[in-house]
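Chain by chain, the residues run as shown.
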Amino acid sequence: MSATTTATAGAAVTGLRADGRIPLRAHVRHTSALVRRNLLWIRQDPESMFDAVLFPIVFTLLFVYVFGGSIGQSLGGGQDAYVQYIVPGLMAMMGMNMAQGVGTGFNQDFNTGVMDRFRSLPIGRGSVLFAKISVEMMRMLIATAILMVVGVLVGFDITDWPGLFAAVGLSAVFGSALMWVFLTLGVVMKNAQSVQAMGFLVLMPLQFGSSIFAPPQSMPGWLRSFTEYNPLSSLADAARGLMVGGPVAQDLWMTLAWSVGITAVMAPVAIHKFRTKT
């Protein structure tokens, strides 16, 4: 058998073209296999789902029952009014907090030698990235579903189901954009602790300097200005408008613009850093 025939036969088995390029169908198959691998890992390590399960429960109960009465009064009501305010805001947090898990998990794969194994296999490098994002999106949807169940139990009133699904989709779009940021951190940072520390420094000012937990009218002027340009404020306000009523258009387009901008800037950076390191 000639060398050319051998190469062609090997390409047919691995899904590669004769020139070494990977066709789209093979990319999809590789991504599906890696998604299954990541899901099996979660099945073997159920503790990795603790953040997705406990975060919406703890934060909802904490803010509703500790701060709900006082902040609810500023909204013209009491705890019931605050429930209608905080649940859409917490939905806006889901994408950001789940995005951090992409960076830490990616970094662990590098440090435990998993990426060395992937490098030795004839698979598309992009499949590794998209599989990780797909699994984190599933985790985000699970966290959002738990949030809505807890929200209903504490008094949240779902009056607009299409608006609810639109808010979930908008949060998923924004969360997927942020995942490229944390994928980059997962590649360039030395360990998972560094990714978590950097994520904390990024997340905390954005979360608490926004309209997620409290209306910005009572904030000092400099913080209110920051809040107005904070993408999390736009996402939270858009989710409220979609779920409980109110203006939507401006915040919706602002959130989509932020999502497109973050993806356009950070996706090429993440892919370049990943290819360089692998």
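What counts and what doesn't
Every residue gets a number counted from 1 within its own chain, in the order that chain's sequence is written. The predicted origin of the model limits local features to residues at a pLDDT of at least 70 and limits the giving and counting of side-chain atom pairs to 80 or more, whereas totals for whole chains, interfaces and linings rest on all residues. In computing side-chain values, all of the structure's heavy atoms are included and hydrogens and water are not. Comment: elements are numbered from the N terminus, with helices defined as DSSP H or I runs of at least four residues and strands as E runs of at least two. Three labels apply to residues, based on accessible area from a 1.4 Å probe with only protein chains included: buried if under 20% of the type maximum, exposed if over 50%, partly exposed otherwise in between. Working rule for contacts: check all heavy atoms of both residues, and any pair within 4.5 Å makes them a contact. Exposure was quantified through the Shrake-Rupley algorithm and a 1.4 Å probe, taking into account, for residues, occlusion by the shown protein chains and nothing else. Salt bridges are counted wherever a side-chain nitrogen of Lys or Arg sits within 4 Å of a carboxyl oxygen of Asp or Glu. Whenever a helix is involved, its axis is fitted only over the stretch in contact; in every case the axis is a line through C-alpha atoms, and angles between N-to-C directions fall within 0 to 180 degrees. By the definition adopted for this analysis, an angle is roughly parallel if under 35 degrees, roughly antiparallel if over 145, roughly perpendicular if from 65 to 115, and oblique otherwise. Two helices crossing with the near one rotated counterclockwise from the far one by less than a right angle form a left-handed crossing, whereas a clockwise rotation gives a right-handed crossing. For a helix, the expected span equals 1.5 Å multiplied by the residue count minus one. To get the bend at any residue, fit one axis to the seven residues that end at it and another to the seven that begin at it, then take the angle between the two axes. The rule is short: rings of Phe, Tyr and Trp, with Trp giving its six-membered ring, pair when the centres are within 6.5 Å, and they are stacked under 30 degrees, edge-to-face over 60, tilted in between. The criterion for a charge sitting over a ring is simple: Lys NZ or Arg CZ within 6 Å of the ring centre, and within 35 degrees of the ring normal.

### Thoughts on the overall build of the protein
For step 1, the next point in the chain: Secondary structure summary: the protein contains 11 helices and zero strands in total.
For step 2, the next point in the chain: Ordered by position from the N terminus, the helices and strands of the protein form the series α-α-α-α-α-α-α-α-α-α-α.
For step 3, the next point in the chain: Residue burial in the protein is summarised as follows: out of 278 residues, 46% are buried.
For step 4, the next point in the chain: At a minimum sequence separation of 6, the contacts of the protein that also span at least 24 residues come to 75%.
For step 5, the next point in the chain: Here the protein displays about 13,800 Å² of accessible surface, and carbon together with sulfur accounts for 67% of that area.

### Concerning the environment of Val 188
For step 1, the next point in the chain: Within the secondary structure layout, Val 188 lies in helix H7 (residues 161–188).
For step 2, the next point in the chain: On the basis of relative accessible area, Val 188 is assigned to the partly exposed category, the value being 45%.
For step 3, the next point in the chain: Along the backbone, Val 188 and Gly 103 are 85 residues apart, and their C-alpha atoms lie at a distance of 9.9 Å.

### Examining the pattern of salt bridges
For step 1, the next point in the chain: According to the stated counting rule, one finds three salt bridges in the structure shown.
For step 2, the next point in the chain: For Arg 139, the salt bridge is made with Glu 136, and the minimal N-O distance between the two is 2.9 Å. Of the two residues, Arg 139 and Glu 136 both sit in helix H6 (residues 125–153), three residues apart, roughly one turn of that helix. With respect to class, Arg 139 is no different from Glu 136; both count as buried.
For step 3, the next point in the chain: With a closest N to O distance of 2.9 Å, Asp 237 and Arg 240 form a salt bridge. With Asp 237 and Arg 240 both in helix H10 (residues 231–244) and three residues apart, this pair spans about one turn of that helix.
For step 4, the next point in the chain: Where salt bridges share partners, they join Asp 51, Glu 136 and Arg 139 into one cluster.

### A look at the packing of H7 against helix H11 (residues 249–277)
For step 1, the next point in the chain: At a closest axis distance of 8 Å, the pairing of H7 and H11 adopts a crossing angle of 25°. When the interaxial angle is binned, H7 and H11 end up roughly parallel. In terms of crossing hand, the pair formed by H7 and H11 is left-handed.

### What about the environment of Gly 151?
For step 1, the next point in the chain: With respect to the secondary-structure elements, Gly 151 resides in helix H6.
For step 2, the next point in the chain: A sequence separation of 61 residues divides Gly 151 from Leu 90, and the C-alpha atoms of the two residues are 9.9 Å apart.
For step 3, the next point in the chain: With sequence-adjacent residues up to four places away left out, Gly 151 is seen in contact with Val 83, Val 87 and Phe 156.

### Some thoughts on helix H3 (residues 50–74)
For step 1, the next point in the chain: An ideal rise of 1.5 Å per residue puts 36 Å on 25 residues; H3 measures up with 33 Å between its terminal C-alpha atoms.
For step 2, the next point in the chain: Approximately 70° is the largest bend angle found in H3, and it occurs at Gly 68.
For step 3, the next point in the chain: Where H3 terminates, the next one or two residues include Gly 76, which has phi positive at roughly 90°.

### A look at the packing of aromatic side chains
For step 1, the next point in the chain: Applying the stated criterion across every chain yields a total of eight aromatic pairs.
For step 2, the next point in the chain: Taking 4.3 Å as the distance between ring centres and 15° as the angle between the ring planes, the aromatic pair formed by Phe 63 and Phe 213 counts as stacked. With Phe 63 in helix H3 and Phe 213 in the loop between helix H8 (192–208) and helix H9 (221–229), this residue pair connects regions lying 150 residues apart in the sequence.
For step 3, the next point in the chain: Both rings, one in Trp 161 and one in Phe 165, keep their centres 6.2 Å apart while their planes meet at 35°; by these two values the pair is tilted. Residue Trp 161 and its partner Phe 165 are both found in helix H7; the two are separated by four residues, about one turn of the helix.
For step 4, the next point in the chain: A relative accessible area of 49% places Trp 161 in the partly exposed class.
For step 5, the next point in the chain: Members of the aromatic cluster, each reached through a chain of ring pairs, are Phe 55, Phe 59, Phe 63, Phe 67, Phe 208 and Phe 213.
For step 6, the next point in the chain: Stacked on the ring of Tyr 85, the Lys or Arg Arg 240 has its end atom at 3.6 Å from the ring centre.

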